[in-house]
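Structural features, examined
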Amino acid sequence: NSRIFSCVEGAAQVATRAFASLDSSVKSMELQVSSITASLTACGEEQQRQAMELKQLGHQVARLETSGASQVQLQGHLQGQLQDVHQLIH
């Protein structure tokens, strides 16, 4: 009986250590998953921020293009007026 008890007690100790080790592994994996999730979240936020910056840059480029087109029109108009003035002088 004492050998059976000793054997069962040894098996229980091995099982306890195995469960403790498993629990430790699970906690380690949970930390890794948490870290990966945080990294992915940060990456997603960074991508959203960059997308907003690109959108703003696109709007600025569009405004510059509109402004440039207006300046070209104005320049053409002023050149036309300048030619009219030259014709009036001569």
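Structure: see above.
Keep in mind that this is a model prediction, so the values were computed, not measured.

Criteria and thresholds
- Residues numbered from 1 in each chain as written.
- Predicted model: local features only at pLDDT ≥ 70, side-chain atom pairs only at ≥ 80, totals over all residues.
- Heavy atoms only, no water.
- Helix = DSSP H or I, 4+ residues; strand = E, 2+ residues; numbered from the N terminus.
- Rg over C-alpha atoms; globule rule 2.2 N^0.38 Å.
- Buried < 20%, exposed > 50% of the residue type's maximum accessible area, 1.4 Å probe, protein only.
- Areas by Shrake-Rupley, 256 points an atom, 1.4 Å probe, with all protein chains shown as cover.
- Lys, Arg positive; Asp, Glu negative; His and termini not counted.
- Charge placed at Lys NZ, Arg CZ, Asp CG, Glu CD.
- Salt bridge = Lys/Arg side-chain N within 4 Å of Asp/Glu carboxyl O.
- Patch = residues over 30% accessible without salt bridge, like charges linked within 9 Å, V, L, I, M, F, W, Y side chains within 5 Å.

1. With respect to the overall build of the protein
What the protein contains, in helices and strands, is one helix and zero strands. Radius of gyration (C-alpha) of the protein: 38 Å, far over the 12 Å computed for a compact globule of 90 residues. Taking the principal axes of its C-alpha atoms as reference, the protein extends roughly 130 × 10 × 10 Å. Across the 90 residues in the protein, those meeting the buried criterion constitute 0%. Split by element, the accessible area of the protein, about 8,200 Å² in all, is 62% carbon and sulfur. A gap of 14 Å separates the mean positions of the 6 positive and 8 negative side-chain charges of the protein.

2. Overview of the pattern of salt bridges
For the structure shown, the criterion picks out three salt bridges. Two residues, D23 and K27, come together in a salt bridge whose shortest N-O distance is 3.3 Å. With D23 and K27 both in helix α1 (residues 2-89) and four residues apart, this pair spans about one turn of that helix. One network of salt bridges, with partners in common, ties together E46, R49 and E53.

3. Overview of the environment of A20
Inspection of the secondary structure puts A20 in helix α1. Between the C-alpha atom of A20 and that of D84, which follows or precedes it by 64 residues, the distance is 95 Å.

4. Describing a nonpolar patch on the surface
A surface patch of nonpolar side chains, amounting to about 310 Å² of accessible area, comprises F19, L22 and V26. Relative to the helices and strands, L22 is located in helix α1.

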